[in-house]
Amino acid sequence: MKKNNLPPLISIVLPCYNPVDGWCQTLENNIAELNGRLPSNRIQYIISNDGSTRLDKSKVCLLTASDNVIFLDNVVNEGKGSAIRKGTLHADGDIIIYTDIDFPFGTDPIVEMVKIFDENPQCWFVYGNRTSEYFKKLPLKRKMISKGLHLLNRIFLSGHITDTQAGIKGLRREVLPEVQRTKTNTFVFEIELIRKLIRKKVDIQSVNVFANPSIIFSDFSFKVLFKEAVSLSRIFMMSWAWNEVL
């Protein structure tokens, strides 16, 4: 999709909640790398803070000194789904990609997604597909949760959708209304979104993603797991009751 014969504007939405020390330098490095790898594209970066209790605002000011970096300070922690919806509301891009603020998969999948959209006009959504090497690095609890979600994906989603929970997705602007119509605030909101897109017969593709060697995997508390389980149950129960996705 090009306007006035210019390469498409790309919006990178970065949900953020209590990032680890050094996050600002990591982000600066990835911004510089991505700008260098996509020199023909204009790139907008949107940091969507989801109620972080430890975030050095002075570092944020340094980042937002650049015209292409926006900081959204959502003071209440509502969940990743909420942070992404709020971030995408401010996205001006023809192509919108969201990933975690530490760029856990690096810039490779972003560059590949942009290429897919450029070469496949009918493709409207691209998801990251984690490889077996990725799962070998996961803590046991997260590995078990991921395997369980894979099974649910096979049951409730298209057999071609292998992974819903990798923290990177890309979409054309035409799909943005479907993102905003999701109701789930937690991590599993992407299952709700992908089910909506499948019902609309949107062309969906994937890119394989690999974890950065420096990535630090957090472990989910039982409180978080309970919230995710409730959200997941709500998605499927309402889908069955109304024969449609929320």
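First, a word on what this report is: a plain description of the structure on this page. (Residues numbered from 1 in each chain as written. Predicted model: local features only at pLDDT ≥ 70, side-chain atom pairs only at ≥ 80, totals over all residues. Heavy atoms only, no water.)

1. Considering the overall build of the protein
Here is step 1: Across its full length, the protein carries 9 helices and 7 strands.
Here is step 2: Relative to its 246 residues, the protein shows a buried fraction of 52%.
Here is step 3: Sequence-distant contacts, at least 24 apart, represent 80% of the contacts inside the protein between residues at least 6 apart.
Here is step 4: Accessible surface, the protein: about 12300 Å² in total, of which carbon and sulfur atoms supply 54%. (Helix = DSSP H or I, 4+ residues; strand = E, 2+ residues; numbered from the N terminus. Buried < 20%, exposed > 50% of the residue type's maximum accessible area, 1.4 Å probe, protein only. Contact = heavy atoms within 4.5 Å. Areas by Shrake-Rupley, 256 points an atom, 1.4 Å probe, with all protein chains shown as cover.)

2. Re the packing of aromatic side chains
Here is step 1: Applying the stated criterion across every chain, the model contains 1 aromatic pair.
Here is step 2: Aromatic side chains Tyr 98 and Phe 189 sit 6.2 Å apart centroid to centroid with 40 degrees between the ring planes, which places their arrangement in the tilted category. With a gap of 91 residues between them, Tyr 98 in strand E4 (residues 95-99) and Phe 189 in helix H8 (residues 189-199) connect regions that are remote in the sequence.
Here is step 3: Given the relative accessible area of 1%, Tyr 98 is considered buried. (Phe/Tyr/Trp six-rings, centres within 6.5 Å; stacked < 30°, edge-to-face > 60°.)

3. Focus: the environment of Thr 164
Here is step 1: Following the sequence through the fold, Thr 164 ends up in the loop between helix H6 (140-156) and strand E6 (168-172).
Here is step 2: Accessibility expressed as a relative area gives 0% for Thr 164, which makes it buried.

4. Regarding unusual backbone geometry
Most peptide bonds adopt trans geometry, and most residues besides glycine take a negative phi value.
Here is step 1: Look at Asn 18: it is not a glycine, yet its phi comes out positive at around 45 degrees.
Here is step 2: With respect to the helices, strands and loops of the structure, Asn 18 is situated in the loop between strand E1 (10-16) and helix H1 (23-37).
Here is step 3: By relative accessible area, Asn 18 is classed as buried at 10%.
Here is step 4: Located in the positive-phi region is Lys 201, a residue other than glycine, with phi close to 60 degrees.
Here is step 5: Mapping Lys 201 onto the fold places it in the loop between H8 and strand E7 (203-209).
Here is step 6: Among the residues examined, Lys 201 registers a relative accessible area of 75% and is labelled exposed.

5. Section: helix H4 (residues 108-119)
Here is step 1: Taking 1.5 Å per residue, 12 residues should reach 16 Å; H4 reaches 17 Å between its end C-alpha atoms and fits that length.
Here is step 2: Three or more residues of H4 are buried, namely Pro 109, Ile 110, Val 111, Met 113, Val 114, Ile 116 and Phe 117.
Here is step 3: On the buried face of H4, the contacting elements are E1, H1, E4, strand E5 (123-130), E6 and E7. (Expected span 1.5 Å × (residues − 1).)

6. A closer look at H1
Here is step 1: Between the first and last C-alpha of H1 there are 21 Å, a value that for 15 residues agrees with the 21 Å anticipated at 1.5 Å per step.
Here is step 2: Every buried residue of H1 is listed here: Trp 23, Cys 24, Leu 27, Asn 30, Ile 31 and Leu 34. Down the axis of H1, the smallest arc covering the buried residues is 130 degrees, so these residues share one side. (Arc of directions from axis to C-beta.)

7. Observations concerning the pattern of salt bridges
Here is step 1: Overall, the coordinates contain 7 salt bridges when judged by the stated rule.
Here is step 2: Between Arg 181 and Glu 178 there is a salt bridge, with the nearest N and O atoms lying 2.5 Å from each other. Highlighted residues: Arg 181 and Glu 178, both in helix H7 (residues 176-181), separated by 3 residues, approximately one helical turn.
Here is step 3: Glu 178 gets classed as buried once you look at its relative accessible area, which sits at 10%.
Here is step 4: Put simply, Glu 178 and Lys 200 hold a salt bridge, and the shortest N to O gap is 3.8 Å. (Salt bridge = Lys/Arg side-chain N within 4 Å of Asp/Glu carboxyl O.)

8. A few points about the side chain of Ser 52
Here is step 1: As for its position among the elements, Ser 52 is in the loop between strand E2 (43-50) and helix H2 (57-63).
Here is step 2: With relative accessibility at 16%, the residue Ser 52 sits in the buried group.
Here is step 3: A polar atom in the side chain of Ser 52 sits 2.8 Å from the backbone nitrogen of Asn 18.
Here is step 4: Among the polar contacts made by the side chain of Ser 52, one reaches the side chain of Asn 49 at a distance of 2.6 Å.
Here is step 5: Excluding its chain neighbours within four sequence positions, the residues that come into contact with Ser 52 are Cys 16, Tyr 17, Asn 18 and Pro 19. (Polar contact = N/O pair within 3.5 Å; in protein donor to acceptor, adjacent residues only side chain to side chain.)

9. A look at the nonpolar core
Here is step 1: Membership of the largest hydrophobic core comes to 35 residues, with the highest contact counts inside it found for Ile 12, Trp 23, Leu 27, Leu 34, Ile 47 and Ile 97.
Here is step 2: The element contributing the most residues to this core is H4, with 6 residues.
Here is step 3: With residues near it in sequence (within four places) discarded, Trp 23 still touches Leu 55, Asp 56, Val 60, Leu 63 and Ile 101.
Here is step 4: Counting 20 residues, the second-largest nonpolar core is a separate cluster that includes Ile 84, Phe 189, Leu 193 and Val 202. (Core = buried A, V, L, I, M, F, W, Y, C linked by side-chain atoms within 4.5 Å.)

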